[in-house]
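# A closer look at the structure
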Amino acid sequence: AGGGPGSMRGDGTNGWRSCLVEGDWHKVEYPGLNSRFGLEAYPLQKYFVAEPDHNSGTRVFETLNEFRLFEIGAELRSSIDQAIEAYETDKMIRRRKEKSSTVTDTSQPDAVSAVDVFHLLTKDGRFNLVRKVFSCELELLTICRKIENDVQQLNTIRDSMSEHESLILTTSIVCRWMLQFRINSFSTSLIARPWLRHISLDAILTYVTWDAVPFLEKRDLYVMASSSLMTILFGTEVQSFYFGGPDALSNQFQYNQHAQYLLPRRNRGKAIERLLIDLTHAHRKSHKETSNKTTPLDLSPIQGFCRLLLGNTATSCSIPFSSIRNLARRLKAPLTKTMDGISNDEMQLLHIRLDNVSSSDEIESCTGYRDWTPETDVAVANAISNDRDESSKRCAFVGWESNDNDNRPESTRSLNVEELALELYHSARLPNTNDKDNKDNVSNVPRGNWEGWHNEGGHARKLFRIMFLQAVLESTPVDDPTIFLTPYQHSPHDLHVGYQKIASDDCNKKFSLIRGFYERRRHSVEAFLSKLSQQTDQSVSHLVYDSVKASWDSHANDESRMKDVPLLRDVAELRTLSMIAAGLGGQALSSMFRALAFDYRHYSGGLPDLLLARARCPSTHTSGDSKDNHFVDLGEWIGEAFCKDYIEEENLNHSISMLADRDDDFLGCSKNVDSGHNKFSSKKKRQKISVIPAFPNKLQLIHSEKLVEVDCMFVEVKSANDRLDARQEDWLNIIDMCGAARVCKFGSKKQSK
């Protein structure tokens, strides 16, 4: 639990382990043990302050009973995680058996068995669990009665469910009703320290309920799913929904402000989107049962409720702007019109644009939804066909032939869509030449020669850690010891609390801010970003070097440095990182860092697939000759991953990318921590570094006595049957404001005709 919110859900290695069940499920990592054995370093240890005498300010749990309730929550979370994994594994085994006649690979995953720790499939087990949480006899009987009513409804379809699915749904019903009654007596400790929600029973009950919503939807239990979502989103008890009239749903809406502390903004946004979808299904199902087939379905109640939710959530920033965009899309009007008169701090602070045009006449003439769209390059590529069922596989393509003089890694295999895009940008086939606004298409700047990485924002997150996080933490005193609950953290706990506001209980429509990372350090954050945005490319490059050098010098010797694997990786590619920082520039970096500080849990994902970079010596003003504008050999200038020896090694490994997409790029959480229910994919093994790298020289933007300019460009790659999601659109919007960001869209020849 000391690892923070991200470590509470695993990717196959750190799932919670039950203390009540014999046998091993997932192994638990002990960071303190790793540190003592010298297996891992924790650079943020200096911010941890050991308190010899605990008081109300340092105590995590106010009472012993709160800790005991947390232990119950930990067992519930372990039980539901294990049941979901068992369900997913059974489904995978069943599907592979069905395809065994056409697929040669007959290997099967190991079966997982889930244990009903609290005996929730029995009435006595459910009663005993509720009695452990609630001491009031009246509450106990009321909750159990409501639980049994829902379980009775579930029993009508139980024969068609597996034991694991039955356990998941029954557990969610019990958790939902316990949460509903606990919200009314909400603990004030979570209001003061929202970064400790991951060890709060209420938040655990919320997550268990949320994880079971997809299972309710698969069983067409849309009313029960909607009721569960109303509880976790608004703390509202709704058993049935009335759809008679445009304001029917809006009139049933009640809001308990304490529910806003229980889920991160990203999960709240997803839950609200699911709520509207489930209400639509429930309305359609009810309409079919009660009305004639000729009577059209009246969606005005859903539209009215959507409009109400959009206004409330946008003003309070309780969901990300990407979710607000998805809500606005349901209203079928231009985003500029929908947001007219609605204030949203995220849109203003991150400079998210609502449309590409500023002409009110063009927007007024639009009859459907429209918003800001990124520049798009279009390319034609046909996927390699084969006899296997590729419904769940990624498309593979044939790449272009490489030039004999090309020192880039060769590809002797089929390419995925991102690798194909890398080839097209390097060979100058992209960007499209007919793009009038294309910043790359300048008469005296040669095209192509882009080198790239497919790591979905890995460099941006790494630069955020190197340049920004340490500087802000050092300039802001830690005013609450529970932010660094243990010495073995990779990030402060409040980094995972996004910016949002809570409505006051009175009718004055006033808001108070939730004390997350950005709000608690707002002055330091903005001061750093303001200074960064004004720095030259050379100064930005030096800042990366100086930050890594300070971490390097903080270790007493090489033996100590060997434990700090992230630092060794930073040193091994320090000149590359310095070049990328210079190419992005201070303004683009400050915009990206502000988004990550605003809500790291949301914005740490969704970054564009590719980062492209190149270096060139621009033509002098006196000559103006494009021949003088030539590209710099990155192997000669940077070295590292661009040098010839490294490229030859990459060719042997048949690899085209220089850096892998690693989960350790994410601070305090795994990449898929916010997924609805975890697939428990196996964690990639970290590559061990056995030799201390030599600390490189500082990068100077000069090569062969000529000034060097670095260009960087982010590219989101989409195949023919794929489209941007709203978070990806927001990232392209933010980056494009001060940098270069675009979409590469592939289509087949048939589609191009």
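Remember, it's a predicted structure, so these values are computed and weren't measured experimentally.

Rules and cut-offs
- Residues numbered from 1 in each chain as written.
- Predicted model: local features only at pLDDT ≥ 70, side-chain atom pairs only at ≥ 80, totals over all residues.
- Heavy atoms only, no water.
- Helix = DSSP H or I, 4+ residues; strand = E, 2+ residues; numbered from the N terminus.
- Buried < 20%, exposed > 50% of the residue type's maximum accessible area, 1.4 Å probe, protein only.
- Contact = heavy atoms within 4.5 Å.
- Patch = residues over 30% accessible without salt bridge, like charges linked within 9 Å, V, L, I, M, F, W, Y side chains within 5 Å.
- Areas by Shrake-Rupley, 256 points an atom, 1.4 Å probe, with all protein chains shown as cover.
- Salt bridge = Lys/Arg side-chain N within 4 Å of Asp/Glu carboxyl O.
- Pairing = 2+ DSSP bridges.
- Core = buried A, V, L, I, M, F, W, Y, C linked by side-chain atoms within 4.5 Å.
- Polar contact = N/O pair within 3.5 Å; in protein donor to acceptor, adjacent residues only side chain to side chain.
- Expected span 1.5 Å × (residues − 1).
- Bend = angle between axes of the 7 residues up to and from the residue.
- Axes fitted to C-alpha atoms, helices over the stretch in contact; angles between N-to-C directions.
- Parallel < 35°, antiparallel > 145°, perpendicular 65-115°, else oblique.
- Left-handed = near helix turned anticlockwise from the far one by under 90°.
- Nonpolar A, V, L, I, M, F, W, Y, C, P; charged D, E, K, R; others polar.
- Phe/Tyr/Trp six-rings, centres within 6.5 Å; stacked < 30°, edge-to-face > 60°.

Right, let's get into the overall build of the protein. Across its full length, the protein holds 28 helices and ten strands. Out of the 753 residues in the protein, the part that is buried amounts to 54%. Nonlocal contacts in the protein, meaning residues at least 24 apart in sequence, comprise 74% of its contacts between residues at least 6 apart.

On the surface, Tyr30, Leu33, Phe37 and Leu39 cluster together into a nonpolar patch covering about 480 Å² of accessible area. Tracing the backbone shows Tyr30 in the segment before helix 1 (31-36).

With nine of ten residues buried, strand 9 (residues 709-718) lies mostly within the body of the structure. Pairing of strand 5 (residues 610-617) with strand 9 involves seven bridges; the strand directions are antiparallel. Across the sheet, Ala615 pairs through a bridge with Val710, a residue of strand 9. Sheet analysis places strand 9 next to strand 10 (residues 741-747), joined by five bridges and oriented parallel.

Turning next to the nonpolar core. Ranked by internal contacts, the top residues of the largest apolar core, which has 171 residues, are Leu463, Phe468, Met579, Phe593 and Trp637. Among the elements that make up this core, the one with the highest residue count is helix 23 (residues 574-598) (14 residues). Once residues within four sequence positions are removed from consideration, Leu463 is found in contact with Phe468, Val544, Leu577, Ile580, Ala581, Leu584, Leu589 and Phe593. With 18 residues, the next largest nonpolar core counts Ala379, Leu415, Val417 and Leu610 among its residues.

Let us now look at the environment of Asn416. Mapped onto the elements, Asn416 comes out in the loop between strand 1 (376-380) and helix 16 (417-426). A polar atom in the side chain of Asn416 sits 2.8 Å from the backbone nitrogen of Glu419.

The next subject is helix 23. Taking 1.5 Å of rise per residue, the 25 residues of helix 23 would be expected to cover 36 Å, yet its terminal C-alpha atoms sit only 27 Å apart, more than 12% below that figure. Within helix 23, the axis deviates most sharply at Gly585, by approximately 95°. Where burial is concerned, most of helix 23 is hidden: 24 out of the 25 residues are buried.

Now for helix 16. Of all ten residues in helix 16, ten are buried, a share of seventy percent or more. Taken together, the buried positions of helix 16 are Val417, Glu418, Glu419, Leu420, Ala421, Leu422, Glu423, Leu424, Tyr425 and His426. At the N-terminal end of helix 16, a side-chain oxygen is found 3.1 Å from the backbone nitrogen of Glu418, two or three residues along, and the residue is Asn416.

Bringing the packing of helix 5 (residues 163-183) against helix 7 (residues 201-218) into the picture now. Contact geometry for helix 5 and helix 7: axes closest at 8 Å, N-to-C directions at 135°. On the basis of the axis angle, helix 5 is oblique to helix 7. Seen along the crossing, helix 5 lies across helix 7 with a hand that is left-handed. Note on element contacts: helix 7 touches helix 5 through Leu201, Asp202, Leu205, Thr206, Val208, Thr209, Ala212, Phe215 and Leu216, opposite Glu165, Ile168, Leu169, Thr171, Ser172, Cys175, Arg176, Met178, Leu179 and Arg182. Grouping the constituent residues of the contact of helix 5 with helix 7 by class yields eleven nonpolar, four polar and four charged.

Attention now moves to the packing of aromatic side chains. The relative placement of two aromatic rings is captured by the distance of their centres and the angle of their planes. Within this structure, the stated rule accounts for 20 aromatic pairs. The interplanar angle of 40° and the centroid separation of 6.3 Å between the aromatic rings of Phe67 and Phe70 together place this pair among those described as tilted. With Phe67 and Phe70 both in helix 2 (residues 64-98), this residue pair falls three residues apart, about one helical turn. On the basis of relative accessible area, Phe67 is assigned to the partly exposed category, the value being 32%. Of the residues examined, Phe70 reaches a relative accessible area of 11% and is grouped as buried. Ring centres of Phe464 and Phe468 lie 4.8 Å apart, and the angle between their planes is 25°; on these two criteria the pair is classed as stacked. Taken together, the residues span about one helical turn, with Phe464 and Phe468 both in helix 17 (residues 458-475) at a distance of four residues. Exposure class is identical for Phe464 and Phe468. Each is buried.

It is worth spelling out the packing of helix 8 (residues 222-234) against helix 10 (residues 265-290) at this point. Interaxial distance between helix 8 and helix 10 falls to 9 Å at its minimum, and their mutual angle equals 150°. Classed by the angle they form, the pair helix 8 and helix 10 counts as roughly antiparallel. Of the two possible hands of crossing, helix 8 and helix 10 adopt the one that is left-handed. Here Tyr222, Val223, Ala225, Ser226, Leu229, Met230, Ile232, Leu233 and Phe234 of helix 8 lie close against helix 10, whose contacting residues are Arg268, Ala271, Ile272, Arg274, Leu275, Asp278, Leu279, His281 and Ala282. Residues that form the contact of helix 8 with helix 10 fall into these classes: 13 nonpolar, two polar and three charged.

Further remarks concern unusual backbone geometry. Here Leu430 and Pro431 are connected by a cis peptide whose omega angle stands at 0°. Within the secondary structure layout, Pro431 lies in the loop between helix 16 and strand 2 (451-454). Positive phi values are uncommon outside glycine, yet His119 reaches one of about 55°. Inspection of the secondary structure puts His119 in the loop between helix 2 and helix 3 (123-133). Positive phi outside glycine occurs at Lys332, with the angle close to 55°.

Time to look at the pattern of salt bridges. Scanning the entire structure with this criterion turns up 36 salt bridges. Taking the shortest distance from any N to any O, the salt bridge between Glu346 and Arg265 comes out at 2.6 Å. Of this pair, Glu346 sits in helix 14 (residues 345-349) while Arg265 sits in helix 10; the two residues are 81 residues apart in sequence, bridging distant segments of the chain. Measuring nitrogen to oxygen at the nearest pair gives 2.4 Å for the salt bridge that ties Asp494 to Arg521.

Within the secondary structure layout, Asp116 lies in the loop between helix 2 and helix 3. Of note is the side chain of Asp116, whose polar atom sits 3.0 Å from the backbone nitrogen of His119. Of the polar contacts made by the side chain of Asp116, one reaches the backbone nitrogen of Leu120; its length is 2.9 Å. With sequence-adjacent residues up to four places away left out, Asp116 is seen in contact with Leu121 and Leu167.

A word on the pairing of strand 5. Strand 5 sits mainly inside the fold: eight of its eight residues count as buried. Burial along strand 5 is two-sided: the residues Leu610, Leu612, Arg614 and Arg616 and Leu611, Ala613, Ala615 and Cys617 are all buried. As defined by bridge partners, strand 5 adjoins strand 6 (residues 630-631) across two bridges and the pair is classed as antiparallel. Paired with Cys617 across the two strands is His630, which belongs to strand 6.

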